[in-house]
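As a plain string of letters, each chain reads:
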Amino acid sequence: MPGKIDKILEQVEQSRVWRSIFRSGRGTSTLHNALAIQQSVFLHLFSTKVRKRMLSFSSTWYLGTLTLGTFFILIVTGVLLMLYYHPSVPQAYADMKDLQFVVSSGLFLRNLHRWSAQAMVFLVFAHMFKVFYRGAYRAPREFNWVIGVVLLLITLLLSYTGYLLPWDQLAYWAITVGSNISAAVPLVGSKIHFLLLGGNQVDANALLRFYVLHCLILPLAALLFVAVHFWRIRKDGGLYVHQSEPKKAGAVDETELVKEVQ
Amino acid sequence: MSDPKDFVAGVDSDQRRSPTRVVFVTRRTSAQVKAHYEEQVQTYPEVLFRVLLAVEILAIVLVVVALLFNAPLEGIADATHTPNPAKAPWYFLGLQELLHYFPPVVAGVLVPTMLVVSLVIIPYFNINIEAAGLFLNNRQRRLQIFYITAIGLIVFLVAFHVYVAAVPTLIVAIAMMIAANSSPTSLSAPRRYLASKPMAWWVMTWFLFELIVLTAVGTFFRGPGWSWVLPWRS
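If you're wondering where the values come from, they're calculated on a predicted model, not measured in any experiment.

Each helix and strand in chain A was counted, giving 11 helices and 2 strands. Shown N-terminal to C-terminal, the secondary structure of chain A runs as helices and strands in the order α-α-α-β-α-α-α-α-α-α-α-α-β. In terms of C-alpha radius of gyration, chain A reaches 24 Å, well past the compact-globule figure of 18 Å for 262 residues. In terms of overall dimensions, chain A has C-alpha extents of about 80 × 55 × 30 Å along its principal axes.

Given below as structure tokens:
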């Protein structure tokens, strides 16, 4: 039976339709593996090869990877939550109650979205400090560090705009405290405050603005910068390896005297 | 081969001043090529498999957390009823703590702007790149600057009663004084460790320490009217 399934899979993978989508073809050679990365619009952001010692847990703690993981979980749960949520007053709060008591797994969905968001903020900070303490921000990776700072700000804004959406007391007053700070900007403070809230205080207009920022503008900005962030890793020479970092045991010695030219 | 040389060969190892290197191969010496080779693995499937595994474990952990703990939901928003205290999300509570001592234009605008600007410029300063121990070169001058900065900062924070921020500053300053009186040849390993740390490391560690302390105080130790409360005594 397994042999039969293998045969069917092989036939599918060799079919004209499959090959028109995945051009790398069947096989496990180095070339096939490299093509699997190169020929995919998403995966080609990554390099086809990675230094072996960068796979060890201690070199990155996988913090960047895990941040991306929380982002994916947030997109999936966020889209599902959007199916049940109206960004209007007071319906938004009623939708929260429905998610809690009426919608199947609604409570679980909201819990997962909330805790993943907290985890993402924490992981982004952790990733930043880990990168700093390894010295991975140094040339030629300066600009990727700057993109990372932009992504930190986008993450904070995403979390902050999402905080208002449940329209409960916690949300309302947290956003009131936060948005009042924007009014303290010299000269243009009150204008920024008005632009952010669509009014002089947190109200239905503010809820709609935060909803659009949270569900459309900021996620798109995040996706864009994440793509540049990954692409720059490849373009800046792969994940950072410090000169003094020990090589993994059994690795081939890196320095060889190749040839004497005479 | 007896032509007079029309160039001067210099020796320099500073790649910022002399980025171009020319190799002269004369008859008596031979060029030796050093090749760097490091073991690499294919991204597909080896790295992608690990990424998927890491994300899978993360998803399992988050699902378990989501099953066990409910997200908070309070009563419907009410503009006429202000909770006491009204707290921002936890990652802004460090700033809200500062807002308690300083006017909004300082704690809410100046400090965050300075933080972002300092984060952005980190990789563009040579002093952050060279990574030599802070007090290993120019010791006297750097000690003077350090004392003036540290004492000024602590006096400023105490004058505004920001003891929450002054204590971490004091602890980092003491660690820096230990570093100043240590060297790479010190007998104890912690001292050798501190002595090797560059300026960027100290500034970032101070920032991290303040971030953790201020956020923790804002989250757990602040009650009605932003007064000091103990979380285990409610």
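Take the interface of chain A and chain B next. Counting residues at the interface gives 76 residues for chain A and 62 residues for chain B. Sorting the residues of the side of chain A that touches chain B by element identifies helix H3 (30-38), strand S1 (49-51), helix H5 (63-82), helix H6 (91-101), helix H7 (106-134), helix H8 (142-164), helix H9 (169-182) and strand S2 (255-260) of chain A as the ones contributing at least two each. In terms of residue count, H7 of chain A provides more of the side of chain A that touches chain B than any other element does, 12 residues in total. Classifying every residue of the side of chain A that touches chain B by side-chain character gives 46 nonpolar, 18 polar and 12 charged. Relative to strand S2 (residues 40-42) of chain B, S1 of chain A runs antiparallel, the two sharing 3 bridges. Counterpart to Val50 of chain A in the pairing with S2 of chain B is Val41 of chain B.

A few words now on the packing of H5 of chain A against helix H1 (residues 43-68) of chain B. Contact geometry of H5 of chain A with H1 of chain B gives a least axis separation of 9 Å together with a crossing angle of 55°. One finds that H5 of chain A runs oblique with respect to H1 of chain B. Remark: the crossing between H5 of chain A and H1 of chain B carries right-handed chirality. Of H1 of chain B, the residues touching H5 of chain A (which contributes Thr65, Leu66, Gly69, Thr70 and Ile73 of chain A) are Val51, Ala54, Val55, Leu58, Ala59 and Leu62 of chain B. Residues belonging to the contact of H5 of chain A with H1 of chain B are distributed by class as follows: 8 nonpolar, 3 polar and no charged.

Turning next to helix H3 (residues 104-121) of chain B. Between its first and last C-alpha, H3 of chain B extends 25 Å over 18 residues, near the 26 Å set by a 1.5 Å rise per residue. Bending of H3 of chain B peaks at approximately 30° at the position of Leu110 of chain B, with proline Pro112 of chain B no more than four residues after it. Its buried side turned inward, H3 of chain B meets H8 and H9 of chain A together with helix H2 (93-99) of chain B.

With that settled, the discussion passes to the packing of H8 of chain A against H9 of chain A. Residues and elements named next belong to chain A. Their axes nearest at 7 Å, the elements H8 and H9 cross at an angle of 130°. Put simply, H8 runs oblique to H9. Contacts between H8 and H9 involve Tyr160, Tyr163 and Leu164 from the first element and Ala171, Ala174, Ile175 and Gly178 from the second. The class makeup of the residues in the contact of H8 with H9 is 6 nonpolar, 1 polar and no charged.

A word on the environment of Leu158 of chain A. Residues and elements named next belong to chain A. Its place among the elements puts Leu158 in helix H8. The buried category is assigned to Leu158, around which 24 C-beta atoms lie within 10 Å. Setting aside residues up to four positions removed in sequence, Leu158 forms contacts with His214, Leu218 and Ala222.

Residue and element names in this part refer to chain A. Averaged over every residue, the pLDDT of chain A is 88; residues scoring 70 or more account for 92%. Least confident of the elements in chain A is S2, whose mean pLDDT is 42; most confident is H5, at 97. The model gives residues 246-262 a pLDDT under 50, and that stretch makes 25 contacts with residues more than four places away or in other chains.

We now examine the environment of Phe57 of chain A. Residue and element names in this part refer to chain A. With respect to the element layout, Phe57 can be found in helix H4 (residues 57-60). On the basis of neighbour counts, which here come to 9 C-beta atoms within 10 Å, the residue Phe57 falls in the exposed class. Spatially, the C-alpha atoms of Phe57 and Asp6 are 34 Å apart, while their sequence positions differ by 51 residues.

Attention now moves to unusual backbone geometry. Cis geometry is found at the peptide bond from Val89 of chain A to Pro90 of chain A, where omega equals 0°. Along the chain, Pro90 of chain A turns up in the loop between H5 and H6. One non-glycine residue, His161 of chain B, lies in positive phi territory at about 60°. When you line up the elements, His161 of chain B lands in the loop between helix H5 (139-159) and helix H6 (163-180). Residue His161 of chain B is classed as exposed on the basis of its 10 C-beta neighbours within 10 Å.

This part is about the nonpolar core. Grouped burial of nonpolar side chains is what soluble globular proteins tend to show. In terms of nonpolar packing, the biggest core is built from 62 residues, with Met120, Leu164, Trp167 and Ala171 of chain A touching the most fellow members. The set of elements that each furnish at least two residues to this core consists of H5, H6, H7, H8, H9 and helix H11 (204-235) of chain A together with H1 of chain B. Looking at this core element by element, the count peaks at 11 residues for H7 of chain A. Excluding its chain neighbours within four sequence positions, the residues that come into contact with Trp167 of chain A are Val89, Ala92, Tyr93, Tyr172 and Leu207 of chain A together with Ile76 and Ala77 of chain B. Within the second largest apolar cluster, 9 residues are counted, among which are Phe135, Met176, Leu194 and Ala200 of chain B.

Rules and cut-offs
- Residues numbered from 1 in each chain as written.
- Chains lettered and ligands numbered in written order.
- Predicted model: local features only at pLDDT ≥ 70, side-chain atom pairs only at ≥ 80, totals over all residues.
- Helix = DSSP H or I, 4+ residues; strand = E, 2+ residues; numbered from the N terminus.
- Rg over C-alpha atoms; globule rule 2.2 N^0.38 Å.
- Contact = placed C-beta atoms within 7 Å.
- Nonpolar A, V, L, I, M, F, W, Y, C, P; charged D, E, K, R; others polar.
- Pairing = 2+ DSSP bridges.
- Axes fitted to C-alpha atoms, helices over the stretch in contact; angles between N-to-C directions.
- Parallel < 35°, antiparallel > 145°, perpendicular 65-115°, else oblique.
- Left-handed = near helix turned anticlockwise from the far one by under 90°.
- Expected span 1.5 Å × (residues − 1).
- Bend = angle between axes of the 7 residues up to and from the residue.
- Buried ≥ 20, exposed ≤ 12 C-beta atoms within 10 Å, placed from the backbone.
- pLDDT = per-residue confidence, 0-100.
- Core = buried A, V, L, I, M, F, W, Y, C linked by C-beta atoms within 7 Å.

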